[in-house]
Amino acid sequence: MAAERSTADILDAAVHVREAARRATTGATGVDGVLAALSEVMAYDHASLARWDPLRGCHTTLAGSYPDDATAYIETRLHHDPVFPVLRGPDRGGLWLKDVPRQLLAASPGFQEVLSPLGIEDGVAQCLFAADGRYVGMLNVSTRAPLRTTDPARAVVTLLTEALSAAVDPRACPPPEEVATAPDPARGARRPGGLSPRELQVLAELTAGRTNREIAERLYITPRTVGTHIEHILAKLDLPNRAAAAARAAAWGIEPSY
């Protein structure tokens, strides 16, 4: 059984989350790193950060580890769930699963159709708001193991909402063209092959022969996310394997920036 973490340990981990959020806000890294850092504050089975698109009237997942059907629910149906008005209520505090009234859970398709089948016992849904009051997105964190009511992680997650809001707020983040020309392998490039800036970063790391775990550590994302990016790279470039992708990157003159 793992040793129980102290409040000091959790607060130290929260500092890393704030730093990861700052880097995501400036475009230095992706939002994936925020969730990776958040796992040190609160061990979770699934998590996601989603941005609210007011024009389309739906959420867009920026980073997450939920199964596809759960991600689809967050993006297209969560804002219609009976729980959502409570989340966006005047106190704007995170809503922990264990604190949701039973009758509300019974009426929630999100819990009945998505979380319950996953065996989720606890977690938090936190609406994120910009300093000017705009609703900008949502944090969802789910765990199969219930948390203690006094767990300091519950308070720390709430204290992190300002940093998390900035990380998902499109007005706080640099526009795509600035991200693409930030200090990374995509600098000065025209995003060859239709790859995203993050995919170009991963592609550059492949030229150095690094493993998924090594790439994850350098880019502040999870190995699983690295694997997903590599799958997308191979599909977009119509290549058979990572060695072929590394050769293509070398031919394009793409290499790690540090």
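Anything mentioned here points back to the structure above.
Only a predicted model underlies this, so the values are computations on that prediction, with no experimental measurement involved.

1. Looking at helix α12 (residues 223–237)
Helical geometry: 3.6 residues make up each α-helical turn, so side chains three or four residues apart lie on a common side.
Phase 1: Between the first and last C-alpha of α12 there are 21 Å, a value that for 15 residues agrees with the 21 Å anticipated at 1.5 Å per step.
Phase 2: When we look at burial in α12, the residues that qualify are T225, V226, G227, H229, I230, I233, L234 and L237.
Phase 3: Of the surrounding secondary structure, the elements contacted by the buried residues of α12 are α2 (32–41), α10 (197–206), α11 (212–219) and α13 (242–252).
Phase 4: Positive backbone phi, approximately 55°, marks D238, located one or two places after α12.

2. A word on the packing of aromatic side chains
Phase 1: Tallying each qualifying case throughout the model produces three aromatic pairs.
Phase 2: Pairwise contacts between aromatic rings join W52, F84, F129 and Y135 into one cluster.

3. Details of the pairing of strand β4 (residues 122–129)
Phase 1: Counted residue by residue, β4 has eight buried out of eight residues, so it is predominantly covered.
Phase 2: Burial along β4 is two-sided: the face carrying D122, V124, Q126 and L128 and the face carrying G123, A125, C127 and F129 are both buried.
Phase 3: As defined by bridge partners, β4 adjoins strand β5 (residues 135–143) across eight bridges and the pair is classed as antiparallel. Bridge pairing in β5 places L128 opposite G137.
Phase 4: Taking the residues that link successive antiparallel strands as the turn, the β4-β5 hairpin has five residues, and the phi of G133 there is positive, at about 95°.

4. What to know about the environment of S142
Phase 1: Following the sequence through the fold, S142 ends up in strand β5.
Phase 2: Note on S142: relative accessible area 4%, which makes it buried.
Phase 3: Sequence-wise, S142 and M42 are 100 residues apart; in three dimensions their C-alpha atoms are separated by 9.8 Å.
Phase 4: Contact partners of S142, with chain neighbours within four places excluded, come to Y44, D45, H46, Y66, L115, I120, D122 and G123.
Phase 5: Within the local environment of S142, its side chain forms a polar contact with the side chain of Y66, the two groups lying 2.6 Å apart.

5. Here's the deal with the sheet that holds strand β1 (residues 46–53)
Phase 1: Taking strand neighbours across the sheet as the criterion, the five strands line up as β2-β1-β5-β4-β3 in an open arrangement whose pairing is antiparallel. Either end of the sheet is taken by a strand with one partner, and the two such strands are β2 (58–64) and β3 (95–96).
Phase 2: Examined bridge by bridge, β1 and β2 share six bridges and lie antiparallel to one another. Bridged to A50 within β2 is T61.
Phase 3: The strands touched by helix α8 (residues 161–168) within the sheet are β1, β2, β4 and β5, with β4 carrying the most contacts at an inclination of about 65°.

6. Structural notes on unusual backbone geometry
Phase 1: One non-glycine residue, D238, lies in positive phi territory at about 55°.
Phase 2: Tracing the backbone shows D238 in the loop between α12 and α13.
Phase 3: For D238, a relative accessible area of 69% gives the class exposed.

Definitions and cut-offs
- One numbering rule holds for all chains: residues counted from 1, following each sequence as written.
- Where totals are concerned, whole chains, interfaces and linings use all residues; where local detail is concerned, this predicted model gives features only for residues with pLDDT of at least 70, and gives and counts side-chain atom pairs only at 80 or more.
- To get the side-chain values, take all heavy atoms of the structure and skip hydrogens and water.
- We count a stretch as a helix when DSSP gives it H or I for four or more residues in a row; a strand needs E for two or more, and each element gets its number in order from the N terminus.
- Here the expected span of a helix is defined as 1.5 Å times the quantity of residues minus one.
- Burial classes follow relative accessibility: with a 1.4 Å probe on protein chains only, a residue under 20% of its type's maximum area counts as buried, one over 50% as exposed, and anything between as partly exposed.
- Note on contacts: a residue pair qualifies if any of its non-hydrogen atoms lie within 4.5 Å across the two residues.
- Aromatic pairing here means that ring centres of Phe, Tyr or Trp (its six-membered ring) are within 6.5 Å. Orientation follows from the plane angle: under 30 degrees is stacked, over 60 is edge-to-face, and everything else is tilted.
- Criterion used throughout: strands pair if DSSP finds at least two bridges between them.
- Here a polar contact is recorded for every N or O atom pair within 3.5 Å, except that within protein the pair must consist of a potential hydrogen donor and a potential acceptor, and residues adjacent in sequence are included only if both atoms are side-chain atoms.
- Fitting a line to C-alpha atoms yields each axis, with helices limited to the stretch in contact; the angle taken between N-to-C directions then spans 0 to 180 degrees.

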